[in-house]
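Given next are the chains, with one letter for each unit.
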Amino acid sequence: SAETLFSNDALEKELLATPLAELARVALAKGSARRGKTVFLKSAAACATCHLPPAGSVRLAPNLETLKTSLTPEQLVESVLYPSKRIDKDYAQVTVITADGKQQTGIRISETAEEIVLRNLAQAEPLTIRKDDVDEIFESPVSLMPEHLVRQLKSRREFNDLIRYVLELRKQ
């Protein structure tokens, strides 16, 4: 039998129809940071894959444990529901088109007058491109964090727990 992929469209629809401030308030009131950590580490939404990768792996998203952010609880909820609305510049996807027409995409590790260094999931080693070889550089308006990740959560409780965990992490 073909395995159907789980997609909680009803949860996403409910969340998108609820004001951000209310989602944040309810998560803080009813969510459990302890259960939220389990959702963060083990759910199909795979938050930890990018935000807390194993040692030696490429980090493709901000470390939420050390993130000192000025974002309000509402803005953090918004970042989960609409990842491309606010992209941390350190994790923006950059595409470099070289003079010979090749295209390289990744996250900018560093950039000088002489070179730009990118990292991506496909390559273990960072990619260095000489500026003399660059024709064009542009940042993607689309986040590496996929849209619709909340569809991977089983319930509103899991969402509340996850948001509570993320909000609590910032206070530590």
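Structure's up top.
Okay, so let's go over this structure. Given the structure is predicted, the values throughout are model-derived calculations rather than measurements. (Residues numbered from 1 in each chain as written. Predicted model: local features only at pLDDT ≥ 70, side-chain atom pairs only at ≥ 80, totals over all residues. Heavy atoms only, no water.)

1. Some points on the overall build of the protein chain
Here is step 1 of the chain: The number of helices and strands found in the protein chain is six helices and five strands.
Here is step 2 of the chain: In the protein chain, the order of α-helices and β-strands from amino to carboxyl end is α-α-α-α-α-β-β-β-β-β-α.
Here is step 3 of the chain: By its C-alpha atoms, the protein chain is 55 × 45 × 30 Å across when sized along the principal axes.
Here is step 4 of the chain: For the protein chain, contacts bridging at least 24 residues in sequence account for 63% of all contacts bridging at least 6. (Helix = DSSP H or I, 4+ residues; strand = E, 2+ residues; numbered from the N terminus. Contact = heavy atoms within 4.5 Å.)

2. Considerations on helix α3 (residues 33–42)
Here is step 1 of the chain: When α3 is considered as a whole, its buried residues turn out to be Gly36, Val39 and Phe40. When α3 is viewed along its axis, its buried side chains cluster within an angular range of 100° and face the same direction. Among the exposed residues of α3, those oriented more than 90 degrees off its buried face are Arg34 and Lys42. (Buried < 20%, exposed > 50% of the residue type's maximum accessible area, 1.4 Å probe, protein only. Arc of directions from axis to C-beta.)

3. Quick look at the pairing of strand β3 (residues 115–120)
Here is step 1 of the chain: Alignment of strand β2 (residues 103–111) against β3, held across four bridges, turns out to be antiparallel. Bridge pairing links arginine 108 to leucine 118 in β3.
Here is step 2 of the chain: Here five bridges tie β3 to strand β4 (residues 123–130), and the two strands are oriented antiparallel to one another. Across the sheet, residue valine 117 finds its bridge partner in β4, namely threonine 128. (Pairing = 2+ DSSP bridges.)

4. Details of the sheet that holds β4
Note: strands within a sheet are paired through backbone hydrogen bonds, in either parallel or antiparallel orientation.
Here is step 1 of the chain: Across the sheet, which stays open at both edges, the five strands sit in the order β4-β3-β2-β1-β5 with antiparallel pairing between neighbours. Looking at the sheet topology across the chains shown, the edges are occupied by β4 and β5 (134–139). Taken over all neighbouring pairs, the strand axes of this sheet differ in orientation by 45° on average, direction set aside. (Axes fitted to C-alpha atoms, helices over the stretch in contact; angles between N-to-C directions.)

What is shown is where atoms sit, not what they do.
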